[in-house]
Amino acid sequence: MPKITIDGTEHEVDAGMTILQACEQAGKEVPRFCYHDRLSIAGNCRMCLVQMERSPKPVASCAMPVADGMVVYTDTPEVKKMRQGVMEFLLINHPLDCPICDQGGECDLQDQAMAYGMDHGRYKENKRAVEDKHMGPLIKTIMTRCIHCTRCVRFSTEVAGVTDMGLIGRGENAEIVTYLDQAVSSELSGNVIDLCPVGALTSKPYAFAARPWELKKTESVDVSDAQGCAIRVDSRGPEVMRVLPRLNEDVNEEWISDKTRYCVDGLKRQRLDQPYVRVKGKLQPATWPEAFAAVAKAIKGKQGSEIAAIAGDLADCESMLVLKELMVGLGSTNMDCRQDGSKVDPAQRASYIFNSTIAGIEDADALLIVGANPRWEAPVLNARIRKRYLMGKFPIAAIGPAIDLSYPVDWLGEDADILAQIAAGTHPFAEILKTAERPMIIVGSGAVARPDGAAVLGLARQAADAAGAVTADWNGFNVLQRAASRVGGLDLGFVPGEGGMDTGRILDGAATGAVKVIYLLGADEIDTKDLDKPFVIYQGHHGDAGAHVADVILPGAAYTEKDATYVNLEGRVQRGQLAVYPPGDAREDWKIIRALSDTLNATLPYTTLADVRRGLVKANPVFQGIDDIQAAPWGEFGTTGEVSGAFTYPIANFYMTDPISRASATMAECTDEILGGGEGKTGTDG
Amino acid sequence: MNIEQPSSFAFSAENLEKAKWHIAKYPDGRQQSAVMPLLDLAQRQNGGWIPQAAIEVIADMLDMASIRVYEVATFYTMYNLKPVGKHFVQVCTNLPCWLRGSDQIMAACKKVTGCSNGETSADGDFTVLEVECLGACVNAPMMQIGDDYYEDLDSATTEEVLTALKAGQKPKVGSQSGRYTCEPAGGITTLTDRYPDRAAKAGGDD
C-alpha cells in the first residue's frame, strides 16, 4: 500500500485511491464541487487543488491517484490562495442572488465562499446570463447559477441510466440542457437537486416554500414502495415541506425515487381529519364515540366468521398487530395483508422476502427477472442492479414484456412457461444461472399474485434450487415486494388463520353476504364494487377508494404522522418517526384500534407504544433487531402445477400507486408530462 | 433552436460509403470515435450546417445517445447548427491575431458583407463568425473561408478577398502579403542556395 504524507503526517492508503480520498481518510477537508463519491471523476471545477512536492503546478486532488512517497499539502497559504483564485473565477459568472435562491442555507458554493471567497469582486464587466431550461415538472432550473460541475449529467447517465442530460457548447457558452428540452425521463431525476452544489437545479414544487433553517428535520423511512428508503422529513409547523434522502448504504445509498420525494403534497389533500358515519346513505361527520358506537352496533351479534379485515399497502406493523389481535378477540380468522392476492407462503419467510438483500445485488453474478418491472416497483433497487451491471460480467435476462430497465436485458419472452423451462433446465439461460457462482432470481410481486401464482412461486424456487442459488452464504431467491406493509404483515401473520378467508374470498364473501362486517386498514387497492353490501369500517388517512364505500370512517395517521415500524422487502425492520401531528381529529392507527377494542368489550392489553412493540417481538422475534436483517431459513414453498399466460406488470402508473401519491398534484403533473398524458405540450408551455 | 428543421436526413450513397470507411477505422465498440468525421460529412452534404435529424441519424449509426452527438456538435465552432451563408467566414480573434489587427479584419468583413459577428448577409452569401485560434498564428491575422485559410491580412486584402468571392471569383489562398507559406516575412535566411528567389534581401531585418 502506498504511503503518502499529508500536511506532514504519513498515511498508508489503498492503492488506486485519489489524493482527495486519501485526504478525507486522513481527516483533512478538501473543498469540491464536481467530485462526488458515487459518480465518475470529472475534475472540472478545480476547487480541490492541493500542493504537491516536486509538482510545479497545483494538483486537482480528485483526479490524481496516490503514489508512494507523495508529499501533499492541503492547508498552506499557497493552497488557500489557489482555491481563492478558483472561487473568484467561479463567482465571476455566478449571480449574487443568494437572498432569493432556494439553495440558500444549504449551498456548497455559499458555504465554500465563506472559507475561500473574497470580500469584494474585482470583475466589472457584465455577468453572463443563461436561459432557463425546461426539465419537467419536478426540476426547476435557474441556469445562470450553474457552475458546470456536470454532476447532474453524470448522475443521469451513470446512476439513472438515461441519456437525457448533457453539457453543450464550451467555455463561457457552456450550458446544461436536456435533449430538445424534454423532461428527464427517470424515476430518480429528483436526486440531481441534491447533487447540484448550487441553486441551478432546485425542487419545483418546493420553490420559495421555506428556508432550510426554518425546518424541523425528522429521520424516517419511506413507504411509497417496499424498499424502505431512508428519508429525512422536513416540516414546518403542521406541514411536511419536503422529503430528502438519508444515507443508508444497505438500502438506498443516498438516492430516493421521485415518488418518495414529491408525493408529500398529497399529504395535504383529500385527508380524513374527522370520523364519519354513514347515515341514510350519506357520510356524516361524527365524533369518535359516535363512530365507535356505530361500529359496536354493526359488530354486535355477528359471528366471528362473518367479520373480516384487510390491511392496505401503507399499514404499519403496530396497527396490523393490534388489529390482528382484535380480530382474534372477536373470534375471526378472516384477515389478509395481501390485498393484491399474492400467493406467497406466510409460513416460509424466504418465500416472500428479498433474500439476497439489496446490497447483495452487488455480489451477484447472473440475474433472472421474472414478471417484475423493478424500475417502477423499486426504482432505487433498480439503480443497484444497474450499478452491478456497470461493474461488468453480469448477464441479465427477464421474462415479461420488454421494457427499458436502464440496462441491457436479454428478454426471453413473456410467457410464464419459459420459467418452467428454466426450472427444468431445458432453457439456455438455465445453464448461465447454473454456471454462475451467485445467481439471483427476482420474482415480481405481480407474478405471484396471478391465479397460478403459487405455481409460479414453486417454479421460481425450483429454478433457484436447480441453479444452486441457495447455499450456506448466499440465497439468490428474491421476491420483489412493492407494498411497504407487505413483509411486516406477513411477518406478523396478518393472514387467514384456521379456516379463515383470504382477500379474494373475503371480497367474494362480501358479494354473497357471507361476510357482514369488513375492516379496511387503509386498504384502497382492492376491488370495492361489492363492498356496498357488508358494513365497511375504513381506517386510513385519505379519502380514496376504501373511504368511498365505508359506513364508518376512522381517520388515521399517514406515515409522516406516526412513530411506526415497517419491514422492508429484504426483511429489514425499520422505524419511521413522527414529523408532524395527524390533522384534526385523526389519531395514530394502533391507538384507534386499541380504543375501539374497549368499546367492543374485547380490550387489548396495550396502553403504550412500548407495549405494542413488545407485542411485535412476541409475535415474531425478527422485530427485535431494528435496522437488521435476519436471514430466512430455506424451505419448501409454492406448489407444482401448470403455468401459462404472459406476465404483466402490476403498476400502470409509477407516479400514482397509493392514496398519498394519488392525491398529489405533483404526481398528477408527472403522469401528464412524463408518462405522455400531455401530448402536444412542448417545452415552451412550461 | 428556433429554425426550420428538415424532418429527415439521410447520407447520400457516396457519403454513406465514406462514413463506413471512417467507422471501420476504429476497433469494435469504439465506433463513437467516428462522430466528428461523420458530423463533417453531414454538414458538407447539407449545405454547411447540421440539422437535428442528422444528429439523430449519426447517433443511431454510432450507437450513442443523441445528446452525446449534440454535445460534440455544439462544442466545436466548425460545426454549424443553423443555416449559414455560401461563404462561411471564420475570423480568428485570439491574442496573436488580435495584436496583429483582427479588429480591422472584422471591420473589413462588416464593410463588404454587412455582417457583424455571428450574422448572415441578407443575400445569403456570407456568414461571419469570430472564432478561437485556428492555429495559423505565425501568419496572423487570418480568417478561414470554407476550407481555405487566408493569412497575413489587412483591411485592404480582406476586402479584396471578400469582394472577389462575392463576384464569384476564386481569390488566392494562403498568405496575402506575398510570403511563401509561413516562412519569415522578409524571406528565408537559410537554404538560400536552394531557393534563391525566396532569400531575404540583403539588409532585411529578419
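Quick notes on the rules
- Residues numbered from 1 in each chain as written.
- Chains lettered and ligands numbered in written order.
- Predicted model: local features only at pLDDT ≥ 70, side-chain atom pairs only at ≥ 80, totals over all residues.
- Heavy atoms only, no water.
- Disulfide = S-S within 2.5 Å.
- Buried < 20%, exposed > 50% of the residue type's maximum accessible area, 1.4 Å probe, protein only.
- Helix = DSSP H or I, 4+ residues; strand = E, 2+ residues; numbered from the N terminus.
- Salt bridge = Lys/Arg side-chain N within 4 Å of Asp/Glu carboxyl O.

Peer 1: Quick question: what am I supposed to make of the state of the cysteines here?
Peer 2: All names here are of chain A. The tally for this structure, following the rule as stated, stands at zero disulfides over all chains. Residue Cys 670 stays outside any disulfide, its sulfur separated by 11 Å from that of Cys 263, the closest cysteine. Here Cys 670 falls in the buried class, since its relative accessible area comes to 0%.

Peer 1: How should unusual backbone geometry be read in this particular structure?
Peer 2: Most of the time, phi is negative for any residue but glycine, and the peptide bond is trans. Note the cis peptide between Ala 140 of chain B and Pro 141 of chain B, where omega equals -10 degrees. Summarising the element assignment, Pro 141 of chain B is placed in the loop between β2 (126-131) and β3 (143-145). Notably, Arg 46 of chain A is not glycine yet its phi reads approximately 65 degrees, a positive angle. Relative to the elements of secondary structure, Arg 46 of chain A occurs in the loop between α1 (19-25) and β3 (49-52). A relative accessible area of 39% places Arg 46 of chain A in the partly exposed class. A positive phi angle is found at Ser 406 of chain A, which is not glycine, with a value near 80 degrees. Along the polypeptide, Ser 406 of chain A turns up in the loop between β18 (396-399) and β19 (410-413).

Peer 1: How do you make sense of the pattern of salt bridges when you look at a structure like this?
Peer 2: Should their charged atoms come close, side chains of opposite charge can pair. All names here are of chain A. The full count for this structure, using the stated rule, is 52 salt bridges over all chains. Here Glu 254 makes a salt bridge to Arg 38, at a shortest N to O gap of 2.7 Å. Of this pair, Glu 254 sits in the loop between β12 (239-245) and α6 (258-262) while Arg 38 sits in the loop between α1 and β3, and the two are 216 residues apart along the sequence. Of the residues examined, Arg 38 reaches a relative accessible area of 21% and is grouped as partly exposed. Between Glu 88 and Arg 122 there is a salt bridge, and its shortest N-O distance comes to 2.8 Å. You can see Glu 88 sitting in helix α2 (residues 77-93) and its partner Arg 122 sitting in the loop between α3 (108-116) and β6 (139-141), a full 34 residues away along the chain. By relative accessible area, Arg 122 is classed as exposed at 56%. Members of the salt-bridge network, linked through shared partners, are Arg 38, Glu 249, Glu 253, Glu 254, Glu 362, Arg 384 and Lys 387.

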